[in-house]
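Geometric and topological summary
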Amino acid sequence: MRNILYILLLLSATVTLKAQNTKVTLSGQVTEGSTKAALPFANIVLKTQKDSAFVTGTVTNNEGRFTLSDVPSGKYVLVISSMGYQIKKQPVLLGSLNAFLDVGTIALQVSSRALTEVVVTAQQADGLNSKMDKKTYAVADNISQGGGSVLQAMKNLPGITATQDGKLELRGSDKVAVLIDGKQTALTGFGSQTGLDNIPASAIERIEIINNPSARFDANGNAGIINIIYKKNKQEGFNGKIGFTGGLGALWEKQQNLPGIRPQYQRTPKLNPSLSLNYRKNKVNAFLQSDLLYTETLNRNEFGERIYDNGDVIRQQVKRNRNTSYATIKTGIDWNMDEQNVFAFSGLFNREKIIDRGDIPYFNTDLSNRRRLWQFLEDEVKYTATATASYQHKFKQPGHVLNAGFNYTFHREDEKYFFKNILPSFTGEDSFKLLSDEQVYDLTLDYIRPLKYGRIEGGIKLRKRNIPANMQFFPGLNSPIDFDAGGLAEYKETIPAVYGNYVLESEKFELETGLRVEYVKVDYEVNPDHNTYKSDGYKYAQPFPSLRLGYKFNSNSKLSAFYNRRVDRPNEVDIRIFPKYDEPEVLKVGNPALRPQFTSSFELGYKKGWDKGYFYSAVYHRIANATITRIATQVPGSLIIYNVFQNAGRSYNSGTELVYQQSLTEWFSFNTNVNIYRNTISAFTVENKYPVPTVFTATQQELTSGNIKFNGMFKFPKKLEAQLTAVYLAPDIIPQGKVGSRFSIDLGLKKQIQNGRGELFFNGNDLLNTLNIKKEVNGNGFRLITTDYYETQVFRVGYSYKF
């Protein structure tokens, strides 16, 4: 481990952070001191500790129980009195970590009796929560990214980097678990992340970034968790919201095509209608959220040069025009059967249709000779359906609950590829079809009980997951396709898990500690006639501890330390045995021998708050064993490069993050974020087995990288708001190479109309059209240098109306 000190000169950018006050429910029971019998109709009064001002009050019920709801965090004195009994005064602290606190049983005596003083502290909640382990952002406040996808809405959040292939990195790592409403689904991937560039932001209420998850969460995702919360209204009566967004992208060419291929997409349309409906009456709340996102996109426009040690040089372009139609409906009903029992049922259906038209020409150095032109048409349809049922039993003590849930997911991937292989001497036509059906069953049981100074949590979870996949190749004339690599494959996963968590809070100190134990069994059965791979699998039982310690200097200043151990398991796509031919000379293929990556994380964070802003800083260090990454190798005698997933030894990620938010005036506020880290990838040796065994050895790589973000909010007269966002991403390393720097500026305007019921907005992404991705990969006898001029500049206008 290396100690790295960073002097940070600039500060970061996120979305506007909304201040909110923590509310606590305080409960307890009053008894008669000598008989221990319940004491009904006792008076309960809560006063401020500082000046004894009245805050709230109630009386005990027939069982002697009382509840004081929605009390702001702070220091108070609880006064309990009843005719004929001695008045009791008990200082009590309502802290920032628990929504429910139980003072336990309070016995009233005939004779007076001194009580030991108890203390609790206040919270200042905003985008960064009081535990400093989670940041929360409202999507509606992100004006500069409104109307696009969830991926676009998240790219200017602190610590997040959007990658070229539609994924997110947290603090320099793409090993991020993405949840929807707290659950893993096929929409965003089980254990990995997929599809974020297609989920419409119009469907989302808020986004949570959890850098240091507790043991309550699944153990996967070493960089942390991103939790996407769908919209769900609970207002009384019938209400809703309707909206429509339209936009255009790729208004001009960033880089002209190489000779002789079909045109790039230009002036690409973006359409996003959305509808939210909600009805709540008495004990029932029903909701519906429906969204359609249709886009045409220049999804990839990568210009590259392959330079081989034998002197060969190939210039190429990978151009992909994409049409995407993404429709989602989420609906459900909540039924409060009585005060103690609540049932909730919901379902989500999604259909994603993708048409890709690609051109990949291969030329010599001066473009005088085209060696090959590969054209493809991909016709892909994905269906996802989820059904969720949950039950909550509320015990008589507020916050004392038992939760049970069942979640079922079905996901179908139906792909058809048609290829035209144009060479000087002939033209060949090939195709393949992939059909994959994924079914996942999750059963959970969670128990929470408030204590006098905290709470205990515990639970169990069982997952069964099954993915049969069938790839059939149909080779044409002189086909270059490896049709013997097709056939059947089936992924089977079983994961039972149990966890426990304990939270303790005093006036100065906080403790949250937990342990999750998971047993994982994975079987991957492949076609026995496959020319390279055989059936494989793994199993393990591992502990995943988590620890958080906090020290409060005062109500606005806190220091916290974190530790957790997490895992990143290979996803089915990572071990899939079928080669992917959307780029025929730089192929991608999975690896059934891939094993999990285990990571230990350490972090020290400090937060200082004041009336109109706050400052947050953190230093972190991650150690990953069996790092999962793609390794590119060249087979002797061939110019084709094969990208195969491997466990590439140990890697380290050490860095520091700062967030600063300030309201300077009534009309201007800003937040900035700086994240600087040093990535280290130790030397490693791996063997790519496909198509023939090839050994690759890499020396140690190190580089200091990071990102700087700025986000400014302006409030003008007549309910007009503006947001300016700037993002700079420094160069970074990747296994076998590096990625270049990137920079973009976004601008958004929003105006409320129709007495606040209507809203108009306009925004532009990457105004200067500067966001290009440059990469360099060094392999065994070759160097690949690429720049992707894909579509990043988009302008949108939208309207929504609440009713």
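None of these values were measured; they are calculated from a predicted model.

Brief notes about the overall build of the protein
The helix and strand inventory of the protein stands at 2 helices and 44 strands. For 803 residues, the compact-globule formula gives about 28 Å, and the C-alpha radius of gyration of the protein, at 29 Å, lands near that figure. Overall size of the protein, expressed as C-alpha extent along the three principal axes, is 105 × 60 × 50 Å. Looking at the 803 residues of the protein, the share that counts as buried comes to 56%. Working note: accessible area of the protein is about 33000 Å², and carbon and sulfur atoms make up 57% of it. Across the protein, 97 positive and 78 negative side-chain charges occur, with their mean positions spaced 6 Å apart.

Examining the sheet that holds strand β4 (residues 65-72)
Strand order across the open sheet formed by 3 strands is β4-β1-β7, with mixed pairing between neighbours. Edge positions in the open sheet fall to β4 and β7 (100-108), since each of these has one partner strand only. Strand-to-strand twist across the sheet, computed as the mean angle between neighbouring axes with direction ignored, equals 20°. The pairing of strand β1 (residues 23-32) with β4 spans 6 bridges and is antiparallel. Bridging across to β4, Ser27 finds its partner in Thr67.

So, the pairing of strand β23 (residues 487-505)
For strand β22 (residues 454-474) and β23, the ladder comprises 18 bridges, and the chain directions are antiparallel. Directly across from Arg465, in β23, lies its bridge partner Glu493. As judged from the 15 bridges shared by β23 and strand β24 (residues 509-526), these two strands associate in the antiparallel manner. Bridge assignment links Ala497 to a residue of β24, and that residue is Glu518. Between β23 and the antiparallel strand that follows it, β24, lie 3 residues.

Quick word on the nonpolar core
Ranked by size, the top nonpolar core spans 50 residues in total, and within it Phe419 and Tyr581 carry the most contacts. Setting aside its immediate chain neighbours within four residues, Tyr581 contacts Trp374, Phe419, Phe473, Pro480, Ile481, Asp482, Leu587 and Tyr690. One finds Val150, Ala153, Leu168 and Leu187 within the second-largest nonpolar core, a separate group that totals 28 residues.

A short note on the sheet that holds strand β27 (residues 586-589)
Read across the open sheet, the 3 strands follow the order β27-β31-β30; overall the sheet is mixed. Two strands lie at the open edges of the sheet, namely β27 and β30 (628-634), each paired on one side alone. Neighbour to neighbour, the strand axes of the sheet diverge by 30° on average, direction disregarded. Bridge analysis of β30 against strand β31 (residues 641-647) gives 7 bridges, and the strand direction is antiparallel. When the sheet's bridge partners are listed, Ile628 is paired in β31 with Asn647.

A look at unusual backbone geometry
Cis geometry is adopted by the peptide bond preceding Pro691, which originates at Tyr690 and carries an omega value of -5°. Position of Pro691 relative to the elements: it lies in the loop between β34 (684-688) and β35 (694-698). The backbone of Asn755 sits at a positive phi, close to 60°, despite the residue not being glycine. Within the element layout of this structure, Asn755 appears in the loop between β40 (742-753) and β41 (758-765).

Digging into the environment of Lys719
Secondary-structure assignment places Lys719 in the loop between β36 (701-716) and β37 (720-729). With sequence-adjacent residues up to four places away left out, Lys719 is seen in contact with Lys750, Lys751 and Gln752.

A look at the pattern of salt bridges
Counted by the stated rule, this structure contains 39 salt bridges. For Glu208, the salt bridge identified is with Arg206, shortest N-O distance 3.6 Å. The closest approach of N and O atoms between Glu585 and Arg306, which form a salt bridge, is 2.5 Å. Of this pair, Glu585 sits in the loop between α2 (572-575) and β27 while Arg306 sits in strand β16 (residues 284-308), and the two are 279 residues apart along the sequence. Taken as a pair, Glu585 and Arg306 share a single burial class, namely buried. When salt bridges with common partners are traced through the structure, they connect Asp218, Asp442, Lys461, Arg463, Arg516, Glu518 and Arg569 into a single cluster.

Focus: the side chain of Gln375
Tracing the backbone through its elements, the reader meets Gln375 in strand β19 (residues 370-394). Within the local environment of Gln375, its side chain forms a polar contact with the side chain of Asp359, the two groups lying 2.8 Å apart. Setting aside chain neighbours within four positions, we find Gln375 in contact with Arg262, Gly358, Asp359, Phe418, Phe419, Lys420 and Ile422.

A few points about the packing of aromatic side chains
Enumeration over the complete set of coordinates arrives at 34 aromatic pairs. Both rings, one in Phe376 and one in Tyr417, keep their centres 6.1 Å apart while their planes meet at 40°; by these two values the pair is tilted. Of this pair, Phe376 sits in strand β19 while Tyr417 sits in strand β20 (residues 401-422), placing them 41 residues apart in sequence. Its relative accessible area of 1% is what places Tyr417 among the buried residues. Look at Phe432 and Phe473: their rings are 5.5 Å apart centre to centre, the planes differ by 70°, and that puts the pair in the edge-to-face class. With Phe432 in strand β21 (residues 427-451) and Phe473 in strand β22, the pair connects residues that are 41 residues apart, well separated along the chain. Grouping residues by exposure puts Phe432 and Phe473 together as buried. Among the aromatic residues, ring-to-ring pairing joins Trp610, Tyr660, Trp667, Phe668, Phe670, Phe710, Phe714 and Phe716 into one connected group.

Digging into the side chain of Asp430
By the secondary structure assignment, Asp430 is in strand β21. Buried charge without a partner: Asp430 forms no salt bridge, and the closest opposite charge is Arg372, 7.1 Å away. Here the side chain of Asp430 touches Gly476 through a polar contact of 2.7 Å, landing on its backbone nitrogen. With sequence-adjacent residues up to four places away left out, Asp430 is seen in contact with Tyr417, Phe418, Phe419, Phe474, Pro475, Gly476, Ser479, Pro480 and Ile481.

Topic: a nonpolar patch on the surface
A contiguous nonpolar patch, built from Leu445, Ile460, Val498, Leu515 and Val517 and spanning about 380 Å² of accessible area, is present on the exposed surface. Considering the arrangement of structural elements, one finds Leu515 in strand β24. Accessibility expressed as a relative area gives 41% for Leu515, which makes it partly exposed.

With respect to the pairing of strand β44 (residues 794-802)
Relative to β44, strand β14 (residues 237-249) runs antiparallel, the two sharing 9 bridges. Following the sheet pairing, Gly249 is matched in β44 by Val794. As judged from the 8 bridges shared by β41 and β44, these two strands associate in the antiparallel manner. Bridged to Glu759 within β44 is Ser800.

Reading the values: rules and limits
Residues numbered from 1 in each chain as written. Predicted model: local features only at pLDDT ≥ 70, side-chain atom pairs only at ≥ 80, totals over all residues. Heavy atoms only, no water. Helix = DSSP H or I, 4+ residues; strand = E, 2+ residues; numbered from the N terminus. Rg over C-alpha atoms; globule rule 2.2 N^0.38 Å. Buried < 20%, exposed > 50% of the residue type's maximum accessible area, 1.4 Å probe, protein only. Areas by Shrake-Rupley, 256 points an atom, 1.4 Å probe, with all protein chains shown as cover. Lys, Arg positive; Asp, Glu negative; His and termini not counted. Charge placed at Lys NZ, Arg CZ, Asp CG, Glu CD. Pairing = 2+ DSSP bridges. Axes fitted to C-alpha atoms, helices over the stretch in contact; angles between N-to-C directions. Core = buried A, V, L, I, M, F, W, Y, C linked by side-chain atoms within 4.5 Å. Contact = heavy atoms within 4.5 Å. Salt bridge = Lys/Arg side-chain N within 4 Å of Asp/Glu carboxyl O. Polar contact = N/O pair within 3.5 Å; in protein donor to acceptor, adjacent residues only side chain to side chain. Phe/Tyr/Trp six-rings, centres within 6.5 Å; stacked < 30°, edge-to-face > 60°. Patch = residues over 30% accessible without salt bridge, like charges linked within 9 Å, V, L, I, M, F, W, Y side chains within 5 Å.

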